[in-house]
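So the chains spell out like this:
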Amino acid sequence: MANLTVLADCTERSDLVSEDGKNIKSVLCQRCGSKVLCPGMAVFAENELFLPSMRKKSSLSNTEGSVDGDTLTAHWLVDDMFSFENVGFTKDVGKIKYLICADCEIGPIGWHCLDDKKKFYVALDRVNHE
């Protein structure tokens, strides 16, 4: 594993990802610190996804026209919505539901396409690890 990816917060992937590709640390909301995922519940995945800028849930589903946001590639992939400790979902935005913190409703921290019931992505740049 000599060719490690360095994440945006200067954390090496090996500090967060186990040898079998799962999260080593708990995944927490950046705003309120609520636990989103326990260790070992998600797999690291690289997939280019666009997420709107972080804000409260009420303004996420009301986006019209162009949307400010980021194209992110480093994600935790969860295959069962019941693996989450604490996550909420926005109303449908097309065929997408955005993942938010269920406690403080900030987001999106992740993305779920309604066409694929087994893929829930949480962006590493939108959460903390402890």
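Residues numbered from 1 in each chain as written. Predicted model: local features only at pLDDT ≥ 70, side-chain atom pairs only at ≥ 80, totals over all residues. Heavy atoms only, no water.

1. Describing the overall build of the protein
Right, on to step 1. Within the protein, the regular secondary structure consists of 1 helix and 11 strands.
Right, on to step 2. Along the chain direction, N to C, the helices and strands of the protein fall in the order β-β-β-β-α-β-β-β-β-β-β-β.
Right, on to step 3. The burial tally for the protein puts 40% of its 130 residues in the buried class.
Right, on to step 4. Within the protein, contacts between residues at least 6 apart in sequence are counted, and of these 54% link residues at least 24 apart.
Right, on to step 5. By element, 46% of the accessible surface of the protein is carried by carbon and sulfur atoms, the whole surface being about 7,100 Å². (Helix = DSSP H or I, 4+ residues; strand = E, 2+ residues; numbered from the N terminus. Buried < 20%, exposed > 50% of the residue type's maximum accessible area, 1.4 Å probe, protein only. Contact = heavy atoms within 4.5 Å. Areas by Shrake-Rupley, 256 points an atom, 1.4 Å probe, with all protein chains shown as cover.)

2. Some points on the sheet that holds strand S11 (residues 127-129)
Right, on to step 1. Ordered in space as S2-S1-S11, the 3 strands form an open sheet in which the pairing is antiparallel. Only two strands of the sheet have a single neighbouring strand rather than two, namely strand S2 (35-37) and S11. The average angle at which neighbouring strand axes cross in this sheet is 45°, direction not considered.
Right, on to step 2. Bridge analysis of strand S1 (residues 27-29) against S2 gives 2 bridges, and the strand direction is antiparallel. Bridged to leucine 28 within S2 is lysine 35. (Pairing = 2+ DSSP bridges. Axes fitted to C-alpha atoms, helices over the stretch in contact; angles between N-to-C directions.)

3. What to know about the sheet that holds strand S10 (residues 120-123)
Right, on to step 1. Spatially, the 6 strands line up as an open sheet ordered S3-S5-S10-S9-S7-S6, and their pairing is antiparallel. Two strands close off the open sheet at either side, each with one partner strand: strand S3 (43-52) and strand S6 (88-89).
Right, on to step 2. Both S6 and strand S7 (residues 96-100) contribute to a ladder of 2 bridges, which runs antiparallel. Residue pairing in the sheet places phenylalanine 89 in a bridge with leucine 99 of S7.

4. Notes on the pattern of salt bridges
Right, on to step 1. Tallied over the entire structure, the rule returns 4 salt bridges.
Right, on to step 2. The partner of aspartate 70 in a salt bridge is arginine 126, and the shortest N-O contact between them spans 3.1 Å. Of this pair, aspartate 70 sits in strand S5 (residues 69-78) while arginine 126 sits in the loop between S10 and S11, and the two are 56 residues apart along the sequence.
Right, on to step 3. Given a relative accessible area of 4%, arginine 126 falls into the buried group.
Right, on to step 4. For lysine 119, the salt bridge goes to aspartate 116, with nearest N and O atoms at 3.9 Å.
Right, on to step 5. Lysine 119 gets classed as partly exposed once you look at its relative accessible area, which sits at 37%. (Salt bridge = Lys/Arg side-chain N within 4 Å of Asp/Glu carboxyl O.)

5. Some details on the nonpolar core
Right, on to step 1. Among the nonpolar cores identified, the biggest contains 18 residues, and Val27, Leu37, Trp76, Phe84, Leu99 and Val122 are the most heavily contacted of them.
Right, on to step 2. Taken together, the elements giving at least two residues each to this core come down to S2, S5 and S10.
Right, on to step 3. In terms of residues, this core owes the most to one element, S5, which gives 3 residues.
Right, on to step 4. Excluding residues within four positions of it along the chain, leucine 37 makes contact with Asn23, Ser26, Val27, Ala42, Trp76, Val78, Ser83, Phe84 and Glu85. (Core = buried A, V, L, I, M, F, W, Y, C linked by side-chain atoms within 4.5 Å.)

Keep in mind these numbers describe shape, not what the thing actually does.
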